[in-house]
Amino acid sequence: MRFPSELTEGRLVRRYKRFLADVTLADGRLVTAHCANPGAMLGLNAEGARVLLSTSTNPSRKLPYSWELVEADLPGGPQWVGINTARPNALVAEAFHEGRLAPLTGYESLRPEVAYGKASRVDFLATGGGLPPCHVEVKNCHLMRHPGLAEFPDCKAARSARHMEELANVVREGGRAMLIVVIQMRADRFDVARDIDPGFDRAFRGALDAGVEAYAYRCDVGVEGVVIAEGVPIVGGIRT
């Protein structure tokens, strides 16, 4: 996924009200950018961090800038990290249509936002190719507290835990379901941050015990775009 235009560089002043970030641009202007990330963003919102913003071409949009990347000083060294949680679904769709998601090989269609369960919408429903429909939930990951180890979530994630329970119910009823974790940074393995949210950990493990599949993919992240790269193992004693 290439950014449609060159990103604008700045320095983070502060991130606040969850979805807002003040940024000082290279020319000295202070702008407020939309921060499409409801999480805690642990390790990613340090004052003075180098950030990159995309610019909307919609003239009626209140905030023309969106925060896309941050150069974070992570364990193992600094690197660009994608913080826009609206991107992973598009990345999965792109990888699917390019035939780069092995777990979904053979499916012909990936339909977004399909209602299921009690009151949920699954990110994608994969269909076609003579295969049973597969419910696909996508989670964004950008937490790193140990070199190479990507973790999710970075805050309490009750909604994500409910998604795992809904996927488990799909499998119990005879269907196929999977979780795809999109790691918007360099990492060589993935685990659940169970100390941050034991509730999500229980739901995650329960879902896998029920037969839900889980896969984690790291991304190549750069100033020109973000792309899903290779899969990484899920550690912590959890089967995939």
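Preceding block: the structure.
We now turn to the structure provided with this report. (Residues numbered from 1 in each chain as written. Predicted model: local features only at pLDDT ≥ 70, side-chain atom pairs only at ≥ 80, totals over all residues. Heavy atoms only, no water.)

Remember that side chains alternate between the two faces of the sheet whenever the strand is regular. Here strand β11 (residues 149-152) shows a buried face lined by L149 and E151 and a second buried face lined by A150 and F152. As paired elements, β11 and strand β13 (residues 189-192) share 4 bridges and run parallel to each other. The partner of E151 across the bridge, within β13, is D191. (Buried < 20%, exposed > 50% of the residue type's maximum accessible area, 1.4 Å probe, protein only. Helix = DSSP H or I, 4+ residues; strand = E, 2+ residues; numbered from the N terminus. Pairing = 2+ DSSP bridges.)

It is worth spelling out the sheet that holds β11 at this point. Spatial ordering of the open sheet is given by β10-β11-β13, a layout of 3 strands whose pairing is mixed. Lying at the two open borders of the sheet, with one neighbouring strand each, are β10 (143-146) and β13. Taken pair by pair, the neighbouring strands of this sheet meet at an average axis angle of 40 degrees, ignoring direction. When β10 meets β11, the two strands line up antiparallel, connected through 3 bridges. Opposite L143, over in β11, you have E151 as the bridge partner. (Axes fitted to C-alpha atoms, helices over the stretch in contact; angles between N-to-C directions.)

A separate point is the packing of helix α2 (residues 158-172) against helix α3 (residues 198-210). At a minimum axis distance of 8 Å, the contact between α2 and α3 shows a crossing angle of 15 degrees. In terms of orientation, α2 and α3 fall into the roughly parallel class. Pair α2 / α3 crosses with left-handed handedness. Side by side, α2 and α3 meet where S160, A161, M164, E165, A168, V171 and R172 of the first sit next to G199, F200, A203, F204, G206, A207 and A210 of the second. The class makeup of the residues in the contact of α2 with α3 is 9 nonpolar, 3 polar and 2 charged. (Parallel < 35°, antiparallel > 145°, perpendicular 65-115°, else oblique. Left-handed = near helix turned anticlockwise from the far one by under 90°. Contact = heavy atoms within 4.5 Å. Nonpolar A, V, L, I, M, F, W, Y, C, P; charged D, E, K, R; others polar.)

This part is about the sheet that holds strand β15 (residues 225-232). The strand order across the open sheet formed by 6 strands is β7-β8-β9-β12-β14-β15, and the pairing between neighbours is mixed. On the outer flanks of this sheet lie β7 (109-116) and β15, each paired with one strand and no other. Across the sheet, the mean angle separating the axes of adjacent strands is 35 degrees when strand polarity is ignored. Of the strands in this sheet, β7, β8 (120-127), β9 (134-141), β12 (176-183), β14 (213-222) and β15 touch helix α1 (residues 87-97), which is tilted by about 70 degrees from β15.

Per the stated rule, a full pass over the model turns up 18 salt bridges. Note that D22 and R14 form a salt bridge whose closest N and O atoms lie 3.2 Å from each other. A relative accessible area of 8% places D22 in the buried class. E71 is the salt-bridge partner of R50, the closest N and O atoms lying 3.5 Å from each other. Taken together, the positions of R50 in strand β4 (residues 50-55) and E71 in strand β5 (residues 65-74) put the pair 21 residues apart, joining distant regions of the chain. Using a relative accessible area of 24% as the deciding quantity, one classes R50 as partly exposed. Relative accessible area serves as the criterion here: at 31%, E71 is assigned to the partly exposed category. Through salt bridges that share partners, D191, R194, D201 and R205 make up one connected network. (Salt bridge = Lys/Arg side-chain N within 4 Å of Asp/Glu carboxyl O.)

Residue F152 is joined to P153 through a cis peptide bond whose omega torsion reads 0 degrees. Along the polypeptide, P153 turns up in the loop between β11 and α2. In the Ramachandran plot, K17 falls in the positive-phi region, its phi being about 50 degrees despite a non-glycine side chain. On the secondary structure map, K17 appears in the loop between β1 (8-16) and β2 (20-25).

Function cannot be read off these values alone, since they describe shape.
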